[in-house]
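Residue-level listing of the chains:
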Amino acid sequence: MIVHSKLINLVPVIAKSNLRHGLKEKVSKGLNSNINYNQLRHSHARTMFIRPGKFYTKKYFDSLHFHFCLAGLPFFLFIAYQNFFVGPAILNDIPEDYEPRYWEYHKNPIKRFMSRYIFEIPERAYERNLHFIYVEGCKQKMRNLEKKVKTMMKENQDYKAWYYVPVPKETLEMKKEYHQKYGSLGYESKYTK
């Protein structure tokens, strides 16, 4: 029975194959026409479109998924354990002689863990910020003092530094008298007031 059913399934294949065409037809048509006939048979004018492969894209997303699960799964399990078994902190009365540590003020156990072992102590961060503000204030005072010194040296021109031009002493005395008599703009004092 099984052999009979396989033979029945082969009948349509044999009927459509080249076996039903005679040898005379193949010889008369020639070799090239037979190749073209075999290429177009059962095709229904369909063509194969060439598309870029998705191998590297799938490989990249598989690798991304693997590493995300490799790194994220332990964190997810740790967070689930902390939330299900440890739970949030409960507010209780503090004994007289006990002072709570800085990490004990957080309600969530994960925040307590991170503030204790990862983040900086709040008092230390506060002192560091105060020191930074003090250093910047000192720098600002020094910049203001340096600006004032430069301005004074530019006005007087009597010190060997940024604005010093070597001139005889008599010329400086004449310049001071000129400024006293006519002012810094070169006009008489009665016109500058």
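Residues numbered from 1 in each chain as written. Predicted model: local features only at pLDDT ≥ 70, side-chain atom pairs only at ≥ 80, totals over all residues. Heavy atoms only, no water.

Digging into the overall build of the protein chain
Okay, step 1: Along the protein chain, the regular secondary structure elements total eight helices and zero strands.
Okay, step 2: When the helices and strands of the protein chain are read in sequence order from the N terminus, they spell out α-α-α-α-α-α-α-α.
Okay, step 3: Scored against the burial criterion, the 193 residues of the protein chain give a buried share of 7%.
Okay, step 4: Within the protein chain, residue pairs in contact and separated by at least 24 positions form 19% of the contacts whose partners lie at least 6 positions apart.
Okay, step 5: Per element, the accessible surface of the protein chain, about 19,000 Å² overall, is 63% carbon and sulfur. (Helix = DSSP H or I, 4+ residues; strand = E, 2+ residues; numbered from the N terminus. Buried < 20%, exposed > 50% of the residue type's maximum accessible area, 1.4 Å probe, protein only. Contact = heavy atoms within 4.5 Å. Areas by Shrake-Rupley, 256 points an atom, 1.4 Å probe, with all protein chains shown as cover.)

Focus on the confidence of the model for the protein chain
Okay, step 1: Of the residues in the protein chain, 65% have a pLDDT of 70 or more, and the chain-wide mean is 77.
Okay, step 2: Between the elements of the protein chain, mean pLDDT differs from a low of 49, seen in helix H2 (residues 23-29), to a high of 92, seen in helix H6 (residues 122-156). (pLDDT = per-residue confidence, 0-100.)

Focus: helix H5 (residues 109-117)
Okay, step 1: Taken together, the buried positions of H5 are occupied by Pro109, Ile110, Arg112 and Ser115.
Okay, step 2: In this structure, the buried residues of H5 make contact with helix H4 (55-86).
Okay, step 3: Taking the backbone nitrogen of isoleucine 110 as reference, a side-chain oxygen 3.2 Å away marks asparagine 108 as the first, capping residue of H5. (Polar contact = N/O pair within 3.5 Å; in protein donor to acceptor, adjacent residues only side chain to side chain.)

Focus on the side chain of serine 115
Okay, step 1: Considering the arrangement of structural elements, one finds serine 115 in helix H5.
Okay, step 2: The class of serine 115 is buried, set by a relative accessible area of 7%.
Okay, step 3: In terms of polar contacts, serine 115 uses its side chain to reach the backbone carbonyl oxygen of arginine 112, at 3.0 Å.
Okay, step 4: Setting aside its immediate chain neighbours within four residues, serine 115 contacts Tyr102, Trp103 and His106.

Focus: the pattern of salt bridges
Okay, step 1: Using the criterion set out here, one finds three salt bridges in the structure.
Okay, step 2: One salt bridge connects glutamate 120 with arginine 128, and the closest N-O pair in it is separated by 2.4 Å.
Okay, step 3: For glutamate 120, a relative accessible area of 34% translates into the label partly exposed.
Okay, step 4: Judged by its relative accessible area of 44%, arginine 128 falls in the partly exposed class.
Okay, step 5: With a closest N to O distance of 3.6 Å, lysine 139 and glutamate 136 form a salt bridge. Taken together, the residues lysine 139 and glutamate 136, both in helix H6 and three residues apart, mark about one turn of the helix. (Salt bridge = Lys/Arg side-chain N within 4 Å of Asp/Glu carboxyl O.)

Considering the packing of H4 against H5
The axes of two packed helices give the description: the angle between them and the distance between them.
Okay, step 1: Axis separation between H4 and H5 bottoms out at 9 Å; the angle between their running directions is 120 degrees. Between H4 and H5, the angle is such that the two are oblique. Where H4 abuts H5, its residues Ile79, Gln82 and Val86 lie against Pro109, Ile110 and Arg112.
Okay, step 2: Looking at the contact of H4 with H5 residue by residue, the class counts come to four nonpolar, one polar and one charged. (Axes fitted to C-alpha atoms, helices over the stretch in contact; angles between N-to-C directions. Parallel < 35°, antiparallel > 145°, perpendicular 65-115°, else oblique. Nonpolar A, V, L, I, M, F, W, Y, C, P; charged D, E, K, R; others polar.)

Overview of the packing of aromatic side chains
Okay, step 1: In the structure shown here, the tally under the stated rule is six aromatic pairs.
Okay, step 2: Seen in terms of ring centroids, tyrosine 60 and phenylalanine 61 are 5.3 Å apart; in terms of plane orientation they differ by 65 degrees. Their pairing is edge-to-face.
Okay, step 3: Following the ring pairs from residue to residue traces out a cluster consisting of Phe78, Phe113 and Tyr117. (Phe/Tyr/Trp six-rings, centres within 6.5 Å; stacked < 30°, edge-to-face > 60°.)

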